[in-house]
Amino acid sequence: MYVPVLYDHRGSICSQMARLALVEKGVVFERREVDIMETNEQFEPWYVALNPKAVVPTLNLGGEVVTDTIRIVNRVQEMDGPDLSGDGTTQDWLRDIMAPHYGVLLYRNRLDPDGTAPQIIARGQLLQRLLEGRPEMASLLEGRIEGNRRFQALLRNPDEIAEHLASTQALVARMAEAVDRKPYIAGETYSIADCFATAALARFTIHGFEDWWQQTALEGYYTRMKARPSFSAAEVIDTGSERDL
Ligand SMILES: N[C@@H](CCC(=O)N[C@@H](CS)C(=O)NCC(=O)O)C(=O)O
């Protein structure tokens, strides 16, 4: 028998979603921290061989390598353990809760007065240097450089940032409606949609968005999710400052 290995980063929201699914399923797994912030380990050839998009998380099930958080939690759901499949709305929730541009929510408060984001500019420069040193990764790195350019342009546009905030707030309102009708995001039982919702609400808490759901059914829901043993076991982070992420 193998021990599943999750390649992840402690603070990454996608990693927290995957960890919650594994813990709630009762899977015994090992974590391998990939430093996506300081040393940019995600671009090391050994990691790109596992995850060609060079992002976390990646789940290795004894040689079956699963990437993309939605695919990972669905694969975890197929493993032995409690049924986390939810109802007919589960997959829509996974897509919708993954949809916000979490980077915009984070970096909108790290802008210089002229709208530039020093960390994102530094990331673009790093990608450029990597491209020069690793021509074999040209297609991956050129795609990421283009994404970095689009991200920088977006951050310079206050209207676009406001649109992202508004659509994220609308998502939270829909989540509140869902848990007003049923105990969990996707129905009567805990599901992988709750793993996504919990990690997202944790992140929104760090951003200071709690007033979006105060005095809605989501308030009690989040209290219940935090009280589950999985919250601490999966190291979900909802305290500290945006700077620590
Ligand atoms: N669609 C991917 C997105 C993964 C993703 O963007 N992961 C972030 C952390 S939450 C990451 O690895 N960032 C590192 C980087 O952008 O270089 C998934 O769901 O797995």
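Relevant structure appears above.
Conventions and cut-offs
- Residues numbered from 1 in each chain as written.
- Predicted model: local features only at pLDDT ≥ 70, side-chain atom pairs only at ≥ 80, totals over all residues.
- Heavy atoms only, no water.
- Helix = DSSP H or I, 4+ residues; strand = E, 2+ residues; numbered from the N terminus.
- Rg over C-alpha atoms; globule rule 2.2 N^0.38 Å.
- Buried < 20%, exposed > 50% of the residue type's maximum accessible area, 1.4 Å probe, protein only.
- Contact = heavy atoms within 4.5 Å.
- Core = buried A, V, L, I, M, F, W, Y, C linked by side-chain atoms within 4.5 Å.
- Near = heavy atom within 4 Å.
- Polar contact = N/O pair within 3.5 Å; in protein donor to acceptor, adjacent residues only side chain to side chain.
- Areas by Shrake-Rupley, 256 points an atom, 1.4 Å probe, with all protein chains shown as cover.
- Nonpolar A, V, L, I, M, F, W, Y, C, P; charged D, E, K, R; others polar.
- Expected span 1.5 Å × (residues − 1).
- Pairing = 2+ DSSP bridges.
- Right-handed = clockwise from strand over helix to strand, strands pointing away.
- Phe/Tyr/Trp six-rings, centres within 6.5 Å; stacked < 30°, edge-to-face > 60°.
- Lys NZ or Arg CZ within 6 Å of the ring centre and 35° of its normal.

1. What about the overall build of the protein chain?
Helix and strand counts for the protein chain come out as eleven helices and four strands. Its C-alpha atoms give the protein chain a radius of gyration of 18 Å, near enough to 18 Å, the size a compact globule of 245 residues would have. With the C-alpha coordinates of the protein chain rotated into their principal frame, the extents come out at 50 × 50 × 30 Å. Counting only residues that meet the buried cut, the protein chain has 52% of its 245 residues in that class. Sequence-distant contacts, at least 24 apart, represent 69% of the contacts inside the protein chain between residues at least 6 apart.

2. Some details on the nonpolar core
Ranked by size, the top nonpolar core spans 53 residues in total, and within it Trp93, Ile97, Met175, Phe204, Trp213 and Leu218 carry the most contacts. Counting only elements with at least two residues in this core, the list comes to α1 (13–25), β3 (58–61), α3 (69–77), α4 (90–98), α5 (102–107), α8 (158–181), α9 (192–206) and α10 (217–227). For this core, the element with the most residues is α9, which contributes ten residues. Ignoring sequence-local partners within four residues, the contact set of Phe204 consists of Tyr102, Leu105, Thr168, Val172, Phe209, Glu210 and Trp213.

3. Considering the site of the ligand
Every residue lining the ligand is accounted for by Ser12, Ile13, Cys14, Ile36, Gln42, Val55, Val56, Asp68, Thr69, Met98, Arg123 and Arg144. For the ligand, an oxygen atom lies 2.8 Å from a polar atom in the backbone of Val56. For the ligand, the accessible surface in isolation is 510 Å², of which the surrounding protein chains cover 72%. Across the shell around the ligand, the residue classes break down as six nonpolar, three polar and three charged.

4. Regarding α9
The end-to-end C-alpha distance of α9, which contains 15 residues, comes to 22 Å, matching closely the 21 Å that a straight helix rising 1.5 Å per residue would cover. In terms of burial, α9 is largely enclosed, as 15 of its 15 residues are buried. Two or three places before Ala193, at the opening of α9, Ser191 has a side-chain oxygen 3.1 Å from that residue's backbone nitrogen. Downstream of α9 by a residue or two, Gly208 has a phi angle that is positive, lying close to 85 degrees.

5. What to know about unusual backbone geometry
Note the cis peptide between Val56 and Pro57, where omega equals 5 degrees. One non-glycine residue with positive phi stands out, namely Glu235, at about 55 degrees. Along the chain, Glu235 falls in the segment after α11 (229–233).

6. Quick word on the pairing of strand β2 (residues 30–33)
By the bridge criterion, four bridges tie strand β1 (residues 5–8) to β2 in an arrangement that is parallel. Counted as the bridge partner of Val5 is Glu30 from β2. Regarding the hand of the β-α-β motif, the stretch spanning β1, α1 and β2 is right-handed.

7. Describing the packing of aromatic side chains
Throughout the structure, instances matching the rule amount to eleven aromatic pairs. Both rings, one in Tyr184 and one in Tyr190, keep their centres 6.1 Å apart while their planes meet at 75 degrees; by these two values the pair is edge-to-face. Side by side, Tyr184 and Tyr190 carry an identical accessibility label, which is buried. A network of ring pairs unites the aromatic residues Tyr102, Phe204, Phe209 and Trp212 as a single cluster. For Arg110, the ring lying beneath its charged end belongs to Tyr107, and the centroid distance is 4.9 Å. The ring of Tyr184 carries Arg224 above its face, with NZ or CZ at 5.6 Å from the centroid.

In short, shape yes, function no, at least from these values alone.
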